[in-house]
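Chain and residue survey
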Amino acid sequence: MPHPRNPGVPLDVEWVEGSVVNLPSAVRRAATHKTRRSIKKEWQAAWLLRAVTCIDLTTLAGDDTETNVQRLCFKAKKPIRPDLVKALGVEDKKITTGAICVYPSRVAEARKALGDSGIPIASVAAGFPAGQTPLPLRLEEIRYAVAEGATEIDIVLTRPLVLGCKWAELYDEVKQMRTACGDAHLKTILATGECATLTNVYKASLVCMMAGADVIKTSTGKEAVNATFPVALTMVRAIREYHQKTGFKVGFKPAGGIRAAKDALSWLALMKEELGDEWTKPDLFRIGASSLLTDVERQLFHHVTGTYAAAHKFAMS
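Procedures and definitions
- Residues numbered from 1 in each chain as written.
- Predicted model: local features only at pLDDT ≥ 70, side-chain atom pairs only at ≥ 80, totals over all residues.
- Heavy atoms only, no water.
- Helix = DSSP H or I, 4+ residues; strand = E, 2+ residues; numbered from the N terminus.
- Contact = heavy atoms within 4.5 Å.
- Salt bridge = Lys/Arg side-chain N within 4 Å of Asp/Glu carboxyl O.
- Buried < 20%, exposed > 50% of the residue type's maximum accessible area, 1.4 Å probe, protein only.
- Pairing = 2+ DSSP bridges.
- Polar contact = N/O pair within 3.5 Å; in protein donor to acceptor, adjacent residues only side chain to side chain.
- Phe/Tyr/Trp six-rings, centres within 6.5 Å; stacked < 30°, edge-to-face > 60°.
- Expected span 1.5 Å × (residues − 1).
- Axes fitted to C-alpha atoms, helices over the stretch in contact; angles between N-to-C directions.
- Parallel < 35°, antiparallel > 145°, perpendicular 65-115°, else oblique.
- Left-handed = near helix turned anticlockwise from the far one by under 90°.
- Nonpolar A, V, L, I, M, F, W, Y, C, P; charged D, E, K, R; others polar.

**Description of the environment of Leu275**
Along the chain, Leu275 falls in the loop between α12 (261-274) and β8 (287-289). Here the alpha-carbon distance between Leu275 and Ala31, two residues 244 residues apart in the chain, equals 18 Å. If we ignore the near neighbours within four places in the chain, the residues touching Leu275 are Val236, Ile239, Arg240 and Leu270.

**Quick word on the pattern of salt bridges**
Here the idea is simple: oppositely charged side chains can pair when their charged atoms come close. Applying the stated criterion across every chain yields a total of 24 salt bridges. Here Arg81 ties to Asp83 by a salt bridge, and the two come within 2.7 Å at their closest N and O atoms. Overall, the relative accessible area of 42% leaves Asp83 in the partly exposed class. A salt bridge links Asp277 to Lys272; the shortest N-O distance between them is 2.5 Å. Three or more residues are tied together by salt bridges with common partners; here these are Asp56, Glu152, Asp154, Lys187, Lys217, Lys253 and Arg286.

**Here we look at the pairing of strand β5 (residues 185-189)**
The buried fraction of β5 amounts to five of the five residues, a majority that puts the element mostly inside the structure. What you see with β5 is no split at all: His185, Lys187 and Ile189 on one side and Leu186 and Thr188 on the other are buried throughout. Sheet topology note: the strand β4 (residues 152-156)/β5 ladder contains five bridges and is parallel. By the bridge assignment for β5, Val156 is matched with Ile189. In terms of strand pairing, β5 meets strand β6 (residues 215-217) through three bridges, oriented parallel. Among the inter-strand pairings, Thr188 is bridged to a residue of β6, identified as Ile216.

**Regarding the side chain of Ser219**
Positionally, Ser219 belongs in the loop between β6 and α11 (229-246). The exposure class of Ser219 is buried, given its relative accessible area of 0%. Looking at Ser219, its side chain comes within polar contact range of the main-chain oxygen of Asn226, at 3.5 Å. Leaving out residues up to four positions away in the same chain, Ser219 has contacts with Ile189, Ala191, Thr192, Val225, Asn226, Ala227 and Ala255.

**Thoughts on the pairing of β4**
Burial analysis of β4 places five of its five residues in the buried class, which makes it a mostly covered element. The pairing of strand β3 (residues 121-125) with β4 spans four bridges and is parallel. In the strand pairing of β4, Val124 is matched with Asp154.

**Some details on the packing of aromatic side chains**
In total, this model carries five aromatic pairs according to the counting rule given. Ring geometry for Tyr103 against Phe128: centres 6.0 Å apart, planes inclined by 75 degrees, an arrangement best described as edge-to-face. Linking Tyr103 in the loop between β2 (99-102) and α6 (107-114) with Phe128 in the loop between β3 and α7 (135-148), this pair joins segments that are 25 residues apart in sequence. You can call Phe128 buried: its relative accessible area is 11%. Centre to centre, the rings of Phe252 and Trp267 are 6.4 Å apart; their planes meet at 40 degrees, and the pair counts as tilted. Here Phe252 is found in strand β7 (residues 251-253), whereas its partner Trp267 is found in helix α12, with 15 residues between them in sequence. Take Phe252 and Trp267: they sit in the same class, and that class is buried. Three or more aromatic residues joined by ring pairs make a cluster, and in this case those are Phe229, Phe252 and Trp267.

**Considering α11**
The end-to-end C-alpha distance of α11 is 25 Å, a good match for the 26 Å that 18 residues give at a rise of 1.5 Å each. Buried within α11 we find Phe229, Val231, Ala232, Leu233, Thr234, Met235, Val236, Ala238, Ile239, Glu241 and Tyr242. The elements touched by buried residues of α11 are α1 (13-17), α2 (23-33), α10 (198-210), β6, β7 and α12.

**Let's talk about the packing of α6 against α7**
Where α6 contacts α7, the two axes come as close as 8 Å, and the packing angle between them is 20 degrees. Here α7 runs roughly parallel to α6, going by the angle between their axes. The way α6 lies across α7 gives a crossing that is right-handed. Of the residues in α7, those in contact with Val107, Ala108 and Arg111 of α6 are Ala145, Ala147 and Glu148. Considering only residue class, the contact of α6 with α7 consists of four nonpolar, no polar and two charged.

**Brief notes about the sheet that holds β5**
Spatially, the eight strands line up as an open sheet ordered β7-β6-β5-β4-β3-β2-β1-β8, and their pairing is parallel. Looking at which strands have only one partner, the edges of the open sheet turn out to be β7 and β8. On average, each strand axis in the sheet is inclined to that of its neighbour by 25 degrees, with strand direction left out of account. Each of β1 (55-58) and β2 touches helix α4 (residues 66-77); the most contacted strand, β2, lies at about 165 degrees to it.

**Quick word on the packing of α2 against α11**
Where α2 meets α11, the axes come as close as 8 Å, and the angle between the chain directions of the two elements is 110 degrees. Relative to α11, the element α2 is oriented roughly perpendicular. Between α2 and α11 lies a crossing whose hand is right-handed. Here α2 contributes Ala26, Val27, Arg29, Ala30 and His33 to the contact with α11, which in turn contributes Phe229, Pro230, Leu233 and Arg237.

Structure, rendered in structure tokens:
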């Protein structure tokens, strides 16, 4: 991430408590977003390639093995079929995914598989996905993942603190997690589907940023409701306000249920409209996904050949 990290600021309870989200307005703005933008032809191909560079290619399954991780890392290094890369004339861009994301126990395998590629290794931690383990254990899990080679840590918030509006306790927890990360970048997962209201989502976003989060993320992908546009709009508006008041830039990562290439384009358009071009690049924007890349490849194949290919024509991730 070439921009300076967000160092955080002292907790401003008055700012947090005074924040209110207008639910009907947020829902209405989100509902019209996808209907107002259409990107076609070579511009669509270019934006799809940008989307690839923003993907956190993820495997977070109970049956993950070293083989799964090796395959994931191979795909991260070469996310688009070589013949398509050549046909699109982007060999010199050396396109990779934004990062790979695994469990802490698989970080060392990912580090070995990625070698000197420079692709960041993200690890979930802090009792993912529920965050219900004791704080000392969650902090130790973060330190373990960093020691294994993780360069980014995706932590989960303690949802009861959000639901109980215990903002000082939440701030203290996230601040301790930021310290445990050391030089690794901290991405805080709000698990928005379990935060009850958009106002809670906005307030939790502010608290995480004040505590030093480098990125705020919608979901674990394990909740019943994951990345939605009303939630995204709420979070990016919080990022915008925080940047306006403090001068510090914080990234955004939607995750969970993002599978279609057209959805990736909508997410990029939202970032451009709400935050600007800087937030359409991988240092400030990521998409947490496992199956999205295949559909992006299919759309690029169609752009090059005029026909669609079946999913099995592309390497698995």
